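# Structure assessment
Listed below, chain by chain, are the residues.
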Amino acid sequence: MKRTNHRGEKLSGEIKRILGEMLTRELKDPLLSGMISITHVKTADDGSFATVYFTSLAEDEADVIKGFEKAKGFIRSEIGSKLGVRRTPELRFKADDAEKYGIRIDSLLNELDIPKDAKEVREIRLSEAAPLLDEYERFLLFTHIHMDGDTFGSAVALALALREVGKTAWVVVGEEPPRTLGFIDYGVTKDAAAAEALLTEWLTDTGESEEDDAEDADGDANFLGIALDYAGIDRLEGRESIFEKAAVTLCIDHHVTSKPECDFNVIEPDAAATAEMVYRLIGFADLPLTEQIATAIYVGIVTDTGRFQYSNTTPLTMEITAALMRAGADTGKAYQEIYQSVKAEKLLVEREMLDTMELLANGRAAIAWISSETLETFGAGDDETDGMSEKLRSIIGVEVSAFIKERPDGKIKVSMRSKETVDVAAIAAAFGGGGHVRAAGFTADGPLEDVVTALKAKLEAEWTGF
Ligand SMILES: [Mn+2]
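Residues numbered from 1 in each chain as written. Predicted model: local features only at pLDDT ≥ 70, side-chain atom pairs only at ≥ 80, totals over all residues. Heavy atoms only, no water.

The next thing to look at is the overall build of the chain. Per the secondary structure count, the chain includes 18 helices and 16 strands. Counting all 466 residues of the chain, 49% fall into the buried class. Sequence-distant contacts, at least 24 apart, represent 64% of the contacts inside the chain between residues at least 6 apart. Roughly 22000 Å² of accessible area belongs to the chain as shown, and the carbon and sulfur atoms make up 50% of that amount. (Helix = DSSP H or I, 4+ residues; strand = E, 2+ residues; numbered from the N terminus. Buried < 20%, exposed > 50% of the residue type's maximum accessible area, 1.4 Å probe, protein only. Contact = heavy atoms within 4.5 Å. Areas by Shrake-Rupley, 256 points an atom, 1.4 Å probe, with all protein chains shown as cover.)

In this structure, Leu133, Leu141, Leu158, Ile226, Leu250, Ile297 and Leu324 are the most contacted members of the largest nonpolar core, which totals 62 residues. Tallying contributions element by element places helix H6 (residues 149–164) first for this core, with nine residues. Apart from the residues within four sequence positions on either side, Leu250 is in contact with Ile124, Ala129, Leu132, Gly225, Ile226, Ala227, Phe243, Cys262, Phe264 and Val266. Of all hydrophobic cores here, the second largest spans 23 residues; its members include Leu360, Ile367, Ile412 and Val452. (Core = buried A, V, L, I, M, F, W, Y, C linked by side-chain atoms within 4.5 Å.)

Turning our attention to the packing of helix H10 (residues 291–304) against helix H12 (residues 331–339). For the pair H10 and H12, the least separation of the axes is 10 Å and the interaxial angle reads 50 degrees. Judged by the inter-axis angle, H10 sits oblique to H12. Relative to H12, H10 is oriented so that their crossing is right-handed. Counting all contacts with H10, which are made through Tyr298, Val299, Val302 and Thr303, the residues of H12 involved are Thr331, Ala334, Ile338 and Tyr339. Among the residues forming the contact of H10 with H12, the class breakdown is six nonpolar, two polar and no charged. (Axes fitted to C-alpha atoms, helices over the stretch in contact; angles between N-to-C directions. Parallel < 35°, antiparallel > 145°, perpendicular 65-115°, else oblique. Left-handed = near helix turned anticlockwise from the far one by under 90°. Nonpolar A, V, L, I, M, F, W, Y, C, P; charged D, E, K, R; others polar.)

Relative to the 18 Å expected for 13 residues at 1.5 Å per residue, helix H7 (residues 192–204) spans 19 Å between its end C-alpha atoms, a close match to the ideal helical length. Those residues of H7 lying buried are Ala195, Leu198, Leu199 and Trp202. Relative to the axis of H7, the buried residues are bounded by an arc of 105 degrees and lie together on one face. Turned more than 90 degrees from where H7 packs its buried face, Ala193, Glu201 and Thr204 sit exposed. Those residues of H7 that are buried are in contact with strand E5 (138–142), strand E6 (168–173), strand E7 (189–191), strand E8 (221–228) and helix H8 (240–244). (Expected span 1.5 Å × (residues − 1). Arc of directions from axis to C-beta.)

The next thing to look at is the packing of aromatic side chains. Going through the model one piece at a time under the given rule, you end up with eight aromatic pairs. Aromatic side chains Trp202 and Phe223 sit 5.6 Å apart centroid to centroid with 50 degrees between the ring planes, which places their arrangement in the tilted category. Separated by 21 residues along the polypeptide, Trp202 in helix H7 and Phe223 in strand E8 bring together distant segments of the chain. Note on Phe223: relative accessible area 0%, which makes it buried. Seen in terms of ring centroids, Tyr335 and Tyr339 are 6.2 Å apart; in terms of plane orientation they differ by 40 degrees. Their pairing is tilted. Taken as a pair, Tyr335 and Tyr339 lie in helix H12 at a separation of four residues, close to a single helical turn. Overall, Tyr335 belongs to the partly exposed group, its relative accessible area being 40%. One aromatic cluster is present, formed by Phe54, Phe68 and Phe93 through successive ring pairs. Just above the ring of Phe49 sits the side chain of Arg92; from NZ or CZ to the centre is 3.9 Å. Here Arg307 stacks its cationic end above the ring of Tyr339, 3.7 Å away from the centre of that ring. (Phe/Tyr/Trp six-rings, centres within 6.5 Å; stacked < 30°, edge-to-face > 60°. Lys NZ or Arg CZ within 6 Å of the ring centre and 35° of its normal.)

So this is what it looks like as structure tokens:
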């Protein structure tokens, strides 16, 4: 199932050649004087951007990147005129750590006897993760807490693909999969306790060949631990110790904020979903793509792209999705399970939301609330209050929305969204919370009315300045 993209590869090669020439002749910035070489260039399939990987003897790679950034306009116009292309890719520059440390996966694997704390974390390319899959017979795959379609779909898909070639693979979950995702379980999950038991079994297994040896020099079990949609060890809540028992850990993620914390890390902020990366990894590793695998990957992509509507959706997303459909992904079932199985309680919450809704600041802010008493009467849980803030934001003219919920313990939980201009993370921070520019929240002490009043004043002030 290997994907090749000749146009992208050719363009990458040309960019590498031109940039190499420019470095020896035209680019005279002192920041670019430290013996720089371009190791490789990765061009997006649609040619919209290219990532240039380099190594340098300069002290500070950030300086080299600064130098490249300064010269970017010039570099792009040279590439454009030399190649005669109408649209030159956006350029990004990245230090090639893999090259810098002179490593390839094979040699890295030979270093595994080095005590763990002396080991460095490394960023690798997705294609380099394929030989790692080859190397191991046992796998534990980890989803993040508050499981979503992407982390679960990715883990299930990879586990199934590894099983297809006779390997042992389990998905270790931190909680019961949500009702809407249960249909892709396919019998591959274990909870933390069951995974612990399996680990004990593995560690006492004497193993018949060297490859099956129960543990390595550190006492780690001989399995590869893979965290999907990772974004940080705290998201493995309750399963950290199992993950750390792995001989080697691999993290696959697409969060911009993701930090390389595992032994090997593949982080692609441009990927719409981790599931997209899993699809490509399965291709690199020559693993099969069954109907179930395709369905699980599809679930990851369809949920993380908001059904192909968010701005993270790329032409590659669509191409991968087409391939998944050809492989037999059950898109109808996914739609039904994920989007057509709303509990009646959710509609009751929605009715209450519409009842309490108020428009502020000349229709630029929308706010609504619900008391714990009402929630209790409805029998509605967290799943049922999800998405209310998004609903409020969808109103024409509304820039900021807030949904305020009183919890059973009397604390007030506020979830905010914005469309284009208002930084809701900053508003949330004013109340001791945080989040992203377009989605943020905070928790405050009650009573509910006080929080509503304070937030209304704060939102009005966004436009009046007071
Ligand atoms: Mn994701």
